[in-house]
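# An overview of the molecular structure
Residue-level listing of the chains:
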Amino acid sequence: MMLVWLCGLISFTFASKMESSIQEALYYFEMKGEYQKAIGILEKVVSEGDVQDKEQASFYLGKIQELSGNRQSANLYYRQSLQITNEPNKAYWLAERIAATAIEPEFIQKKSLRLKSPIRKIFGGTPTYVHLQNGSILKITGDSLVNISVGSIGNPDILKIDNTGIWYSHPETDSIHFKPFNNIRKSKSFALKNPKAIAIGGDRALVQGDYAIILVNKKGEQIQASDKYNECLLEMYFAPTGHFIMNCPDNALHFLSDDNLSEAYTLSQFDAIQRVTSVKNHLIFYSGGNLFCYALPNITEPRWKEAFNNVESVIPFGKNIAVLEASGRITLVELSTGNTIASVRSDADRIHPLARGTLGLFTSEGALIVVDTLLHPLWNFNFAKPIVTEPLYTDGNIYLSFDGQTLQGIAPHYYGKTTLASTILSQQAAILAETSQWEKLTAVLDSLLKLEPGNAEAWLFKALQLENTQGKEQDRQKAWSEAVRLSVSNPQITSLILNRYSKAIGAKFVSLLNVSPKTKYPQFFGSKKNLYTIDPAASRLICINAETGEQRWTKTLSKMDNSPVIGSDEKSLVLASGFNLNIYELSKDGKRTTVQLPGKAFNIILENESIYISTWNGFLMKLTRPEGRLAWSRKISDLPFLFARDDSQIVTTSLEGNITHLWEGSGLIKQETLKIQTGISQMTQADSTMILATTNNRVLIYDSRHPDKEPLQILMESPIASLQAFPYQGKTCVLVGLANQNLLLYTIAGTPLWKFQGKNSIFSKPFVEDGLAWLDQGNEVIAISLSDGKPVKQFSTPGGAGTPFILNKTLFSASSKRLLYGFSL
């Protein structure tokens, strides 16, 4: 029965040259109990067999040793088998046996390789080559670097390195060169001005320059492509059909024959084509919010089409493909049908395959979350810094680079089964922190952060240690900042750290915003007890409980670009993207009204009964509320413009400085007035007074009731970042935020009242309420008195802060790390 159990644990297909030897070894072990005889036969197979033989023999050696109680030897053989196997299920099973027989914990970080110069380009493959900025070319073999001698080619721009040789160019020579690694073959050169892209197909290469595209081979022959492809992007060589693929401005992929560059197929779309990828005999690309798949035998008809939002990357993963959207969502798609197999939300901004059957999700905060073939999490680790290049795979090793000059090896066959050394130290640190053994904690934390620099719990314990031992304020802020920053990618400890953090800084709450990693410094609007923000990358409206900071609900919005034009009040959200304007009721199930625009929206103003929209091509529209019905639409100019309403008229100013008055009821021109000889960048108003910011650093104060009167001009010392007008103590004031972080207050007559020198504000745009101007200042939010320009209050935000927003006596601010701060006023 033991032989049946042994063989049944994992399925092997015996087709190797030493199959009979493996069967013989199993016979000796099971039927005759001759342990040493079986071991000897299997070790010979490992030494002399092919790859499949080695994998099977190593597995059975591991199992025999485990059954015999030799855990250390079993672990060694299991690891050998794991290094060879190509089947995910076998890899998962072997990882479990490795964990069961492990004597020591696992270390994620392995040997690192220091380069003499920063990385310029990486050429992946087997082996992997690296071109350094100093001109050196290195081949990575195992855990060492081999310098590749290329003779006297200087420090060229290298387009491609593979096993046959190097394709490179020198800008001053207007040519591309091929230098073979094999000295038997001759170097070749081809005339081409500024070569910038290359695709290899067999012994041929298509090379794109500034003004021409040529097909060359290593015999020195060449053919020039038609000039009509010069503005196209060379995507790849598609081997299944034998064509080079050009992505052209006509929103089409053109297939050019690798024989004579004749065009064989064209795949056309309405929108630009992106993320072109080939997987086996399938061609995949993203266009107009859809992922398309074309495949042989009918390459001209789509196999399937599925909707996705802002696709960042598409990579093969096992027998399927993994799709990463800008929102961080990762979807596993069946290659043959386009059906969704699994989907998860994440903080990832890059995805790359790692060990066999695993996918690495890399975040901008240095976290690595590894998932299996169904996107289930296997393990996570935090390096504290994001990777700056793609992972390097070579000879069974995996290297990551966080600075462009050091290659950090990581465990290439880890599946999260064996306990990590950093996990053990983290548990020890937790015990010491809970028992207030602060002196002993120091050494443990130093060791832990050396093993895992981005361990969020370690930074939490360090912050608590500093709080309880009266550490320096600067050190405490850094520890809290790191703990909070690094906890974002680890949901298991996020709440714990944020709760402790909010108490430490005196906040009402600190919560994690459910927005995409690419949505930096989200902006807020709100009414009553609801706080709202928009996540453009995920096309979502998010409603937050203003009392607790917890998410109430989310609502899917129509597809939008990365910079939608937005207007809002307590009833509605108006969002324009492309040529569509969508009016949303601010409730989870509220209706949406869509209006077609005559151009892309430039500016939106909401009033109680009307919505006004200006477009980039010079239209102004008025819609009625709440119906969203068009009242009128007028072509005002050929350029975009800013505008404001003053009772029965609308005052517009073009970006070139032309001021025009319109009748509000019809949109017809009432009066063309001033032509300011400078560009206009911003516009705000106080009753009938219009305040303009110019591109030459001036504030113009213009009375629309006296249109013939020249505007008052105030010269600023720096470009104008923000402009606000409001009543204060019986007079109208103008608050100006400058790019140099200065904040200045003037009367409407141009009298300066005070100047405040700020620092580290993201947009230099304060929130004004109750005689105070609240402004983010990096690691704090401060309140500046409008009476004298002096700070009177401050809230600590060690993780950074964005533009403040106040609702129901609570100050809100969001950091670039997606933290929402709430402070009671």
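Everything here concerns the structure above.
Let me sum up the structure you'll find in this document. Because the structure is predicted, anything quoted here is derived from the model rather than measured. (Residues numbered from 1 in each chain as written. Predicted model: local features only at pLDDT ≥ 70, side-chain atom pairs only at ≥ 80, totals over all residues. Heavy atoms only, no water.)

The subject of this paragraph is the packing of aromatic side chains. Evaluated as defined, the whole model comprises 26 aromatic pairs. Ring plane angle 10° and centroid distance 4.4 Å describe the contact between Phe795 and Phe823, whose orientation is recorded as stacked. Taken together, the residues Phe795 in strand β61 (residues 791–796) and Phe823 in strand β64 (residues 819–824) connect sequence positions 28 residues apart. The same class applies to Phe795 and to Phe823, which are both buried. Each residue in the set Trp480, Tyr501, Trp774, Phe795, Tyr821 and Phe823 is aromatic and connected to the rest through ring pairs, giving one cluster. Above the ring of Trp663, the side-chain terminus of Lys670 is found at 4.7 Å from the ring centroid. (Phe/Tyr/Trp six-rings, centres within 6.5 Å; stacked < 30°, edge-to-face > 60°. Helix = DSSP H or I, 4+ residues; strand = E, 2+ residues; numbered from the N terminus. Buried < 20%, exposed > 50% of the residue type's maximum accessible area, 1.4 Å probe, protein only. Lys NZ or Arg CZ within 6 Å of the ring centre and 35° of its normal.)

Counted according to the given criterion, the structure contains one disulfide. Sulfur-sulfur distance for the disulfide between Cys232 and Cys248 comes to 2.0 Å. With the S-S bond torsion at 105°, the cross-link from Cys232 to Cys248 turns out right-handed. Taken together, the residues span a long stretch of sequence, with Cys232 in the loop between β13 (222–224) and β14 (233–238) and Cys248 in strand β15 (residues 243–248) at a distance of 16 residues. Take Cys232 and Cys248: they sit in the same class, and that class is buried. (Disulfide = S-S within 2.5 Å.)

With respect to burial, strand β28 (residues 367–371) is a largely interior element, five of its five residues being buried. Neither face of β28 is exposed, since Ala367, Ile369 and Val371 on one face and Leu368 and Val370 on the opposite face are all buried. Across four bridges, strand β27 (residues 359–363) lies against β28 in antiparallel orientation. Pairing of Leu359 across the sheet is with Val371, part of β28. In textbook terms, the turn of a hairpin is the stretch between consecutive antiparallel strands, and for β27 and β28 this stretch comprises three residues, one of which, Gly366, has a positive phi near 90°. (Pairing = 2+ DSSP bridges.)

Quick look at unusual backbone geometry now. The step from Leu296 to Pro297 runs through a cis peptide bond, and the omega angle for that step is 10°. In this structure, Pro297 sits in the loop between β20 (290–295) and β21 (302–307). Cis peptide bonds are those with omega within 30 degrees of zero, and the linkage from Arg625 to Pro626 qualifies with 5°. Summarising the element assignment, Pro626 is placed in the loop between β44 (619–624) and β45 (630–635). The backbone of Asp647 sits at a positive phi, close to 55°, despite the residue not being glycine. Topologically, Asp647 is positioned in the loop between β46 (641–646) and β47 (649–654). On the basis of relative accessible area, Asp647 is assigned to the exposed category, the value being 53%. Positioned with a positive phi, Gln741 is a non-glycine residue whose angle comes to about 80°. Among the structural elements, Gln741 can be located in the loop between β55 (731–738) and β56 (742–747). Classification of Gln741 as buried rests on a relative accessible area of 17%.

This brings us to the sheet that holds strand β38 (residues 565–568). If you trace the four strands from one edge of the open sheet to the other, you get β38-β39-β40-β41, paired in antiparallel fashion. Of all strands in the sheet, those bounded by a partner on one side alone are β38 and β41 (592–596). Geometrically, the sheet is characterised by an average inter-axis angle of 15° between neighbouring strands, direction not taken into account. Pairing of strand β39 (residues 572–577) with strand β40 (residues 580–585) involves six bridges; the strand directions are antiparallel. By the bridge assignment for β40, Ser572 is matched with Glu585. (Axes fitted to C-alpha atoms, helices over the stretch in contact; angles between N-to-C directions.)

On to the sheet that holds strand β24 (residues 330–334), then. Pairing in this open sheet of four strands is antiparallel, and the strands run β22-β23-β24-β25 from one edge to the other. Looking along the sheet, the strands with just one partner apiece sit at the ends: β22 (311–317) and β25 (340–344). The sheet shows a mean angle of 20° between the axes of neighbouring strands, direction not considered. Across four bridges, the pairing between β24 and β25 is antiparallel. Following the sheet pairing, Val333 is matched in β25 by Thr340.

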